[in-house]
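Fold and geometry: a report
If you want the building blocks of each chain, they are given just below.
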Amino acid sequence: MSSSEVVMDNPVSRRIDAWFAERKWTVFPFQRAVWDAALAGQSGLLHANTGAGKTFAVWFAALQRAGLETGRAKAGLRVLWITPMRALAADTQRALEDSAAELMPEWRIGARTGDTKASERARQTRSMPATLVTTPESLTLMLSNAASHEQFRNLDMIIIDEWHELMGSKRGVQVQLALARLRRWRPELLVWGVSATMGNLDLARQVLLGGSEGDNAGTLIEGDTRKQIVVDCLIPENVSRFPWGGHLGLQMLGPVIREIEGHDTTLVFTNTRSQSEIWYQNILEERPDWAGLIALHHGSLDREVREWVELGLKNGILKAVICTASLDLGVDFLPVERVLQVGSAKGVARLLQRAGRSGHAPGRVSRVTLVPTNSLELLEAAGARKAVAARRIEGRYVPNKPFDVLVQHMVTIALGGGFRSEELFDEVRQAWSYRHLTQEEWQWALDFVARGGQSLTVYPEYRRVLPDEEDVYRVPDTAIGRRHRMGIGTIMSDATIQVKYMSGGRIGSVEESFISRLKPGDRFLFGGRILEFVRVHEMTAFVKRATGTKGAIARWQGAKMPMSNELAHAALEELRLAAQGVFDGPEMRAIQPLIEIQEKWSALPTSEVLVLESMKSREGYHLFVYPFAGRSVHMGLASLIAFRVGRVQPITFSIAINDYGFELMAPEPVDWASAFDAPTGAGVGLFDTERLLEDVIDSLNATQLSQQRFREVARIAGLVFSGYPGQPKSNRQLQASSSLFFEVFRKHDAGNLLLTQAEREVMEQELELTRLRDTLDELHGRRIAFREVRRATPFGFALMVERFREKVSTEKLSDRVARMVRELEKAAAA
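Residues numbered from 1 in each chain as written. Predicted model: local features only at pLDDT ≥ 70, side-chain atom pairs only at ≥ 80, totals over all residues. Heavy atoms only, no water.

Okay, the pairing of strand 22 (residues 609–616) next. Burial analysis of strand 22 places seven of its eight residues in the buried class, the great majority of the element. Bridge count for strand 22 against strand 28 (residues 783–788) is six bridges, and the pairing is parallel. Looking at the pairing, Ser614 lines up with Glu788 of strand 28. Bridge count for strand 22 against strand 23 (residues 621–625) is five bridges, and the pairing is antiparallel. Bridge pairing links Met615 to His622 in strand 23. Hairpin connection from strand 22 to strand 23: four residues lie between these consecutive antiparallel strands, with Gly620 at a positive phi of about 155 degrees. (Buried < 20%, exposed > 50% of the residue type's maximum accessible area, 1.4 Å probe, protein only. Helix = DSSP H or I, 4+ residues; strand = E, 2+ residues; numbered from the N terminus. Pairing = 2+ DSSP bridges.)

So, about helix 13 (residues 273–286). Between its terminal C-alpha atoms helix 13 stretches 20 Å, which fits the 20 Å expected from 14 residues at 1.5 Å a residue. Buried within helix 13 we find Arg273, Ser274, Ser276, Glu277, Trp279, Tyr280, Gln281, Ile283 and Leu284. (Expected span 1.5 Å × (residues − 1).)

Right, let's talk about the sheet that holds strand 13 (residues 366–371) for a bit. Spatial ordering of the open sheet is given by 8-13-12-9-11-10, a layout of six strands whose pairing is parallel. The strands lining the two open edges of the sheet, one partner per strand, are strand 8 (229–233) and strand 10 (294–297). Strand-to-strand, the axes of this sheet are offset by a mean angle of 20 degrees, without reference to chain direction. With five bridges connecting them, strand 8 and strand 13 associate as parallel partners. Residue Val231 lies in a different strand from strand 13, and its bridge partner there is Val368. Of the strands in this sheet, strand 9 (266–269), strand 10 and strand 11 (320–323) touch helix 14 (residues 303–314), which is tilted by about 130 degrees from strand 10. (Axes fitted to C-alpha atoms, helices over the stretch in contact; angles between N-to-C directions. Contact = heavy atoms within 4.5 Å.)

Here we take up the nonpolar core. Judged by nonpolar contacts, the single largest core of 74 residues is most densely connected at Leu267, Val321, Leu351, Leu575, Ile595, Phe628 and Phe797. Element by element, the count of residues in this core is highest for helix 16 (residues 376–389), at eight residues. Apart from the residues lying within four places of it in its own chain, the contact partners of Leu351 are Val231, Ala345, Val368, Leu370, Ala384 and Val388. If you look at the next biggest cluster of nonpolar residues, it comprises 45 residues, including Val428, Trp442, Ala450 and Ala758. (Core = buried A, V, L, I, M, F, W, Y, C linked by side-chain atoms within 4.5 Å.)

The next thing to look at is the pairing of strand 3 (residues 109–112). Alternating positions in strand 3 separate into two faces, Ile109 and Ala111 on one and Gly110 and Arg112 on the other, with burial throughout. Pairing analysis gives four bridges linking strand 3 to strand 4 (residues 131–134), with the strands arranged parallel. Within strand 4, the position partnered with Gly110 by the bridge is Leu132. Once the chain exits strand 3 it traverses helix 6 (residues 118–126) before rejoining the sheet at strand 4, and the crossover so formed is right-handed. (Right-handed = clockwise from strand over helix to strand, strands pointing away.)

Further remarks concern unusual backbone geometry. Within the chain, Lys24 stands out as a residue other than glycine whose phi angle is a positive 60 degrees. Along the polypeptide, Lys24 turns up in the loop between helix 2 (11–22) and helix 3 (29–39). With relative accessibility at 76%, the residue Lys24 sits in the exposed group. Even without being a glycine, Lys346 presents a positive backbone phi close to 70 degrees. For Lys346, the location among the structural elements is in the loop between strand 12 (338–342) and helix 15 (348–355).

Given below as structure tokens:
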């Protein structure tokens, strides 16, 4: 039977066509393609722009499949919808219910997340809804139930929303393992992923569907990529020729306010929660009449506050929301007309995602306007605009064999009915991240969960799974099972502490380290309010409202994202054109004076030329290098070069980094021209990739970094228990516990795969070792332009200011920088 004949014979398909016709909407070809593929029994990945109609494509495919089964009972769970954020579950549930009310009125649609009430969970256990919206963590919890096989017996289709967000994390690995289990129970099960803003689509499909390299299982359907996305930039009136991080900042407040004034609803994205607090406070000070019309939204605010803001956006009653990545995903805000991005988005995918928050409907234009916080971000803006137009989007990193997730999964399955070793080994290898799992690694993991490995065998609490007389591994103790269920998941909370009013209202959470520095009576800015710190009691900071307008800014981790490869290469291409005298676009014309000074005093870095600058000052001897590879790579690269030079000439360096380059400063001179053997770059092998791993480990305190990362690994693997509800362990306690395990394993179990995993994650994720290796290979192919300069160039000045920030000085940073700028501008004018 052809697909057209299937549709003619399908009552739900006919209802859907009528549903579109009533609204005078047209079914897009990619939507029809998804329906046809699903009706033909195919799994796949749908990739389309934000706001293009992806939800209707996959949801209506699931409904049409149900329409084919008129002769079968429809009781039980049929469709599982996985969302990466539990805050989106209720919104997704409402969206699915709206259409299902007309198209499949007999279907009950429910949600199951950490926010679901116990009574609703009990109701679902007795009678599952036809469609369940859930998260990776809640799905895994369901798999830990001994009745889970029965609950999923009629499951027909799984839809994974925002696959691009999940794929590159351990939560995505958690989903892979859950899919492997459900496919084993239901071999005919359909799996569809929904994604936007992703570059490596074939890999994304293979990871989703569990194929091996080169496997063409399933189908990849791309939506209409012609959706118009406009990227432009607010050009500052005065573009400094000597930029430093954040120097424009609130100088752009006036232009931002004018943009907000000219539109009904605007999202103002910032890259950090601290930055969002500052901008919200300053906008409100400038426009007090907007009180109640603008709001703040970030992940540390209480859930009720965030939900109030989201509802205000959906209803169109808020004029602007200053937000972070907390509003990147999922919820559709049709009233949003404009998106502003304060500072560089640091990646093309992130910029596209945020642009899609405006014009969030088929046929509407999505527009994002960049607000630079320093002059060099205009260079990034110029590159980003062209990269977006060419759809040069970053790929996603996929974790490889994370053993902490594996051992957690093994205990979960032991709780959910038990497992036989060889059967579960074969099943786990169907998950992409474990496709190369060896029998030896599996035996290590089995030994670890069965008796605690080599070093924990004497402790009964680490014998978490044991085989019965039929060689089925089960959890032997209900207390172990209860603790395991409470620790399921891979999301690591920051070292945070709750913030509440003395009167009882909850505001959100901030870093424990920030609160620990406050004394009673100190003021700080949080949630858009000036608060006075009163006391800490039981992991809660109690505060009261304070008068005045000044306070310390609450700090959160994860403040600095590195510039992506795609954006870095786009910026280098703009510099290559500038070296030829081509200043294309308003951003490049605005920074032309800066570029001309850089070229006059030194040279321009490009994809063919690596610029090195040597300079002597009162502070010491400086080397500036501009690989344009992002701050994570530059930290590894600067440490590596300092280490390799130090083997030839014992010397101590100070290091400063940004996304464009790094500075090494020494108290005595170094013959850098000979060290790099400019212009060939041979010398002492500073860019060699041989012994790269060993030299990186030696050049950094890699053991300390691994110990910090091991805390996360230990928690996910179930070694460290975070505490019972209402009795959480402090982060200091958790760190002490994980450090103890770290030392025990290092001394008595050196082959422990959790140790090697922590080291690997530091190298691959924090230091980006793969990207560092690729950068070194690129640098080998560049001609070195070595320049001895008399004073800091525009690019070098930005790095010097980064170093000043780290120094303790009685002189204000802004005063010192202003004096240096005056001196440099005087030299530039001469």
